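Residue-level listing of the chains:
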Amino acid sequence: MSDSSQPPVFLSETSHAVPVPRVVQQAYFWVVSALGGLATIALLVFAVATQSSADAERIAETKGRSSVNALVGALAVTHGRPGNL
(Lines give C-alpha, C1' and ligand atoms only; values in the text may rest on other atoms or scores of the structure.)
Protein backbone atom coordinates (compact mmCIF):
# COMPACT_ATOMS: atom_id res chain seq x y z
CA MET A 1 0.00 0.00 0.00
CA SER A 2 1.41 3.41 -0.92
CA ASP A 3 1.83 6.28 1.54
CA SER A 4 -0.64 9.06 0.61
CA SER A 5 0.55 11.56 3.23
CA GLN A 6 2.16 14.79 2.05
CA PRO A 7 5.96 14.83 2.20
CA PRO A 8 7.49 17.42 4.54
CA VAL A 9 8.53 20.69 2.93
CA PHE A 10 11.69 20.95 5.02
CA LEU A 11 13.89 18.11 6.17
CA SER A 12 13.58 19.13 9.81
CA GLU A 13 9.82 19.61 9.64
CA THR A 14 7.77 17.56 12.03
CA SER A 15 4.06 16.93 12.10
CA HIS A 16 3.76 18.66 15.48
CA ALA A 17 2.92 22.35 15.28
CA VAL A 18 3.48 24.67 18.18
CA PRO A 19 0.12 26.19 19.11
CA VAL A 20 0.15 29.97 19.42
CA PRO A 21 -2.65 31.45 21.50
CA ARG A 22 -5.08 33.65 19.61
CA VAL A 23 -4.36 36.54 21.98
CA VAL A 24 -0.70 36.50 20.93
CA GLN A 25 -1.68 36.55 17.26
CA GLN A 26 -4.02 39.49 17.78
CA ALA A 27 -1.40 41.38 19.81
CA TYR A 28 1.14 40.82 17.03
CA PHE A 29 -1.23 42.20 14.40
CA TRP A 30 -2.09 45.20 16.62
CA VAL A 31 1.60 46.00 17.15
CA VAL A 32 2.42 45.68 13.44
CA SER A 33 -0.60 47.83 12.53
CA ALA A 34 0.29 50.46 15.12
CA LEU A 35 3.89 50.68 13.88
CA GLY A 36 2.68 51.00 10.29
CA GLY A 37 0.23 53.71 11.31
CA LEU A 38 2.89 55.63 13.21
CA ALA A 39 5.25 55.43 10.25
CA THR A 40 2.49 56.70 7.94
CA ILE A 41 1.69 59.62 10.24
CA ALA A 42 5.38 60.50 10.60
CA LEU A 43 5.84 60.52 6.81
CA LEU A 44 2.70 62.62 6.36
CA VAL A 45 3.87 65.17 8.95
CA PHE A 46 7.31 65.30 7.32
CA ALA A 47 5.78 65.82 3.86
CA VAL A 48 3.47 68.58 5.05
CA ALA A 49 6.25 70.29 7.01
CA THR A 50 8.64 70.37 4.07
CA GLN A 51 5.95 71.57 1.67
CA SER A 52 4.70 74.19 4.13
CA SER A 53 8.20 75.62 4.40
CA ALA A 54 8.38 76.08 0.64
CA ASP A 55 4.90 77.62 0.55
CA ALA A 56 5.76 79.97 3.42
CA GLU A 57 8.85 81.21 1.56
CA ARG A 58 6.81 81.72 -1.60
CA ILE A 59 4.12 83.66 0.27
CA ALA A 60 6.74 85.82 1.97
CA GLU A 61 8.15 86.70 -1.44
CA THR A 62 4.73 87.82 -2.72
CA LYS A 63 4.46 90.70 -0.23
CA GLY A 64 4.80 93.99 -2.02
CA ARG A 65 3.29 92.68 -5.26
CA SER A 66 -0.26 93.33 -6.31
CA SER A 67 -2.98 90.85 -5.42
CA VAL A 68 -3.48 89.92 -9.08
CA ASN A 69 0.19 89.01 -9.44
CA ALA A 70 0.03 87.00 -6.21
CA LEU A 71 -3.13 85.18 -7.37
CA VAL A 72 -1.68 84.34 -10.77
CA GLY A 73 1.57 83.18 -9.19
CA ALA A 74 -0.28 80.97 -6.68
CA LEU A 75 -2.41 79.44 -9.43
CA ALA A 76 0.66 78.77 -11.55
CA VAL A 77 2.43 77.07 -8.65
CA THR A 78 -0.62 74.99 -7.74
CA HIS A 79 -1.37 73.86 -11.28
CA GLY A 80 2.30 73.22 -11.96
CA ARG A 81 2.39 70.41 -9.39
CA PRO A 82 1.78 66.86 -10.63
CA GLY A 83 -1.75 65.65 -10.02
CA ASN A 84 -3.33 69.09 -9.53
CA LEU A 85 -5.73 70.16 -12.23
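Computed from a predicted model, the values in this text were never measured in an experiment. (Residues numbered from 1 in each chain as written. Predicted model: local features only at pLDDT ≥ 70, side-chain atom pairs only at ≥ 80, totals over all residues. Heavy atoms only, no water.)

## Thoughts on the overall build of the protein
Thinking step 1. Of the regular secondary structure elements, the protein holds two helices and zero strands.
Thinking step 2. Accessible surface, the protein: about 7900 Å² in total, of which carbon and sulfur atoms supply 68%. (Helix = DSSP H or I, 4+ residues; strand = E, 2+ residues; numbered from the N terminus. Areas by Shrake-Rupley, 256 points an atom, 1.4 Å probe, with all protein chains shown as cover.)

## Concerning a nonpolar patch on the surface
Thinking step 1. A cluster of nonpolar side chains, contributed by Tyr28, Phe29 and Val32, occupies part of the molecular surface with about 340 Å² of accessible area.
Thinking step 2. Tracing the sequence through the fold places Phe29 in helix H1 (residues 22-62).
Thinking step 3. What makes Phe29 exposed here is its relative accessible area of 53%. (Patch = residues over 30% accessible without salt bridge, like charges linked within 9 Å, V, L, I, M, F, W, Y side chains within 5 Å. Salt bridge = Lys/Arg side-chain N within 4 Å of Asp/Glu carboxyl O. Buried < 20%, exposed > 50% of the residue type's maximum accessible area, 1.4 Å probe, protein only.)

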